[in-house]
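Descriptive analysis of the structure
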Amino acid sequence: MSQAIRVAVAGASGRMGREVVKLVLTDPDLELAAAIARSAGPVDAGRMVGLEECGIYVTADLGQALAETRPDVLVDFTTPQAAMPNTELAIQYGVRPVMGTTGFTPEQIAELDKQCREKGIGGLIAPNFSIGAILMMRFAAQAAKYFPHVEIIEAHGDQKLDAPSGTSIKTAELIAQNRQELKQGNPNEHEILEGARGGYYNGFRIHSVRLPGVFAQQEVMFGAFGQSLKIRHDSYERAGYMPGVKVAVQKVMETTGMVYGFEHFLD
Ligand code: NAP
């Protein structure tokens with residue numbers, strides 16, 4: 001039997017982090033090495049997520065946790081502000097980062113790829129671990145070849161910090177690869193209310209809806225003379241991301257360099 005992969009979880013007390021802790025504690029292929037959250041206090045990680053005591057106490061300092069436990073992989077669901085420093089810290093310790101946290105710029109991703117390659121380790125930045133969302137992005141990219149007029153409407157809970165969502169930016173990038181830059185709409189269009197037309201990307205628009213009660217939805221809407229095509233994905237709960245997180249943890253053990261997008265790990 002192969003050895004379990006030792007995983008540290010950053011943002012362990014958060015909504016996503018708790019699901020990851022549950023996954024790691026209940027999956028025989030994975031072992032919890034550390035659980036990090038700044039304000040949870042020294043609670044048992046198992047107890048924190050409603051499972052039996054596991055003997056791993058939540059700690060506040062990521063660097064110290066990585067130095068003391070030397071895990072194989074760090075799974076991070078914290079905040080966009082912490083994402084870059086946390087990833088660099090993991091790489092410094094030779095720990096493969098699996099970043100669910102969104103908000104990286106293309107320059108930061110390129111820099112992290114360089115750092116991973118220098119260390120000879122793999123890593124992943126995944127705006128979305130859901131297979132349905134990956135398919136939505138793939139189908140949207142395909143459709144853009146035939147329907148160049150497109151807008152993206154994404155909706156998330158009202159406490160989300162970054163806008164537009166990482167998934168919508170990733171979708172926009174994939175669409176742009178299959179479509180010449182095309183400035184859509186009336187050239188004399190005038191926004192009476194600033195922001196009404198959404199964020200501008202490669203000639204098209206991304207709209208972010210933020211409402212309590214919403215989890216994660218995205219619709220990619222294509223328009224042409226006499227027809228429209230809508231490709232839509234809805235996520236209803238966080239547990240739906242966990243099969244993807246497990247695949248990511250296993251794949252980063254076999255790769256080198258920072259991969260951007262979970263779709264690269266799906267055959
Ligand atoms: P959340 O419930 O607010 O949890 C955030 C966690 O991060 C908490 O444990 C929090 O605990 C910790 N944290 C907050 N600020 C921090 C900082 N500056 N440094 C280190 N740790 C910090 O958030 P969530 O809903 O779980 O989402 C977390 C992230 O995952 C967000 O960026 C979200 O957009 C992203 N997300 C990604 C996916 C995907 O599929 N890739 C899916 C859902 C969400 P302490 O404050 O105690 O440290």
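Here the structure is a predicted model, which means the values were calculated and not measured.

The next point concerns helix 1 (residues 15-26). Taking 1.5 Å per residue as the helical rise, helix 1 with its 12 residues ought to reach 16 Å, and the 17 Å between its terminal C-alpha atoms agrees with that figure. Turning to helix 1, the residues buried within the fold contact strand 1 (5-10), strand 2 (30-36), helix 2 (45-48), strand 4 (73-76) and helix 8 (242-252).

What follows covers the site of the ligand. The local shell around the ligand holds 22 residues, among which Ser-13, Met-16, Arg-38, Ser-39 and Ala-126 are the closest. Between an oxygen atom of the ligand and a side-chain N or O atom of Lys-160, the distance comes to 3.2 Å. Starting from 920 Å² of accessible surface for the ligand in isolation, the protein chains cover 79%. Comparing atom positions with the cavity grids shows the ligand to sit within the largest pocket.

Time to look at helix 8. Along helix 8, the residues that are buried comprise Met-242, Gly-244, Val-245, Lys-246, Ala-248, Val-249 and Val-252. Its buried side turned inward, helix 8 meets strand 1, helix 1, strand 2, strand 4, strand 5 (96-99) and strand 6 (122-125).

It is at 10 Å that the axes of helix 1 and helix 8 come closest, and there the two elements cross at 65°. For the pair helix 1 and helix 8, the sense of crossing is right-handed. Here Met-16, Glu-19, Val-20 and Leu-23 of helix 1 lie close against helix 8, whose contacting residues are Met-242, Val-245 and Lys-246. Residues of the contact of helix 1 with helix 8, tallied by class, amount to 5 nonpolar, no polar and 2 charged.

To continue, consider the domain arrangement of the protein chain. We note that the domain assignment places domain 1 (5-125 + 238-265) and domain 2 (131-235) within the protein chain. With centres defined by C-alpha atoms, the gap from domain 1 to domain 2 works out at 29 Å. Counting residues at the interface gives 12 residues for domain 1 and 11 residues for domain 2. Carbon and sulfur atoms make up 58% of the area that domain 1 and domain 2 hide from each other, which totals about 950 Å². Per-residue buried area on domain 1 facing domain 2 is highest for Tyr-241, Tyr-260 and Glu-263; these three make up 51% of the total on that side. Where domain 1 meets domain 2, there are 1 salt bridge. Here Lys-170 makes a salt bridge to Glu-263, at a shortest N to O gap of 3.3 Å. Scanning the region where domain 1 abuts domain 2 turns up 6 residue pairs in polar contact (both at pLDDT 80 or more). Each residue belonging to the side of domain 1 that touches domain 2 can be placed in one class, and the counts come to 4 nonpolar, 6 polar and 2 charged.

This part is about the packing of aromatic side chains. Taken as a whole and judged by the stated rule, the model has 5 aromatic pairs. Look at Phe-147 and Phe-222: their rings are 6.3 Å apart centre to centre, the planes differ by 50°, and that puts the pair in the tilted class. Here the residue Phe-147 occupies a position in the loop between helix 6 (131-144) and strand 7 (150-156), and Phe-222 occupies one in strand 10 (residues 216-224), the gap between them amounting to 75 residues. Each member of the pair Phe-147 and Phe-222 is classed as buried. With centroids separated by 6.1 Å and ring planes inclined at 55°, the aromatic side chains of Phe-215 and Tyr-241 adopt a geometry described as tilted. Placement of the pair is Phe-215 in the loop between strand 9 (204-210) and strand 10 and Tyr-241 in the loop between strand 11 (227-235) and helix 8, with a sequence separation of 26 residues. Given the relative accessible area of 9%, Tyr-241 is considered buried. Through a chain of ring-to-ring contacts, three or more aromatic side chains come together here, namely Phe-77, Phe-129 and Phe-262.

Moving on: empty space enclosed by the protein. Evaluated as defined, the whole model comprises 1 cavity of 30 Å³ or more. Sorting the residues of the lining of the largest cavity by element identifies helix 6, strand 10 and strand 11 as the ones contributing at least two each. Ranked by residues supplied to the lining of the largest cavity, first place goes to strand 10 with 3 residues. The residue inventory of the lining of the largest cavity, partitioned by class, reads 3 nonpolar, 7 polar and no charged.

Rules behind the numbers
- Residues numbered from 1 in each chain as written.
- Predicted model: local features only at pLDDT ≥ 70, side-chain atom pairs only at ≥ 80, totals over all residues.
- Heavy atoms only, no water.
- Helix = DSSP H or I, 4+ residues; strand = E, 2+ residues; numbered from the N terminus.
- Expected span 1.5 Å × (residues − 1).
- Contact = heavy atoms within 4.5 Å.
- Near = heavy atom within 4 Å.
- Polar contact = N/O pair within 3.5 Å; in protein donor to acceptor, adjacent residues only side chain to side chain.
- Areas by Shrake-Rupley, 256 points an atom, 1.4 Å probe, with all protein chains shown as cover.
- 1 Å grid on protein atoms, 1.4 Å probe; cavity = no way out; pocket = protein on both sides within 12 Å on 5 of 7 lines; lining within 4 Å.
- Sits in = over half its atoms within 2 Å of the grid points.
- Buried < 20%, exposed > 50% of the residue type's maximum accessible area, 1.4 Å probe, protein only.
- Axes fitted to C-alpha atoms, helices over the stretch in contact; angles between N-to-C directions.
- Left-handed = near helix turned anticlockwise from the far one by under 90°.
- Nonpolar A, V, L, I, M, F, W, Y, C, P; charged D, E, K, R; others polar.
- Domains from an automatic or database assignment.
- Buried area = accessible area lost by both parts, 1.4 Å probe.
- Salt bridge = Lys/Arg side-chain N within 4 Å of Asp/Glu carboxyl O.
- Phe/Tyr/Trp six-rings, centres within 6.5 Å; stacked < 30°, edge-to-face > 60°.
- Points joined across faces, edges and corners; volume = space filled by probe spheres on them.

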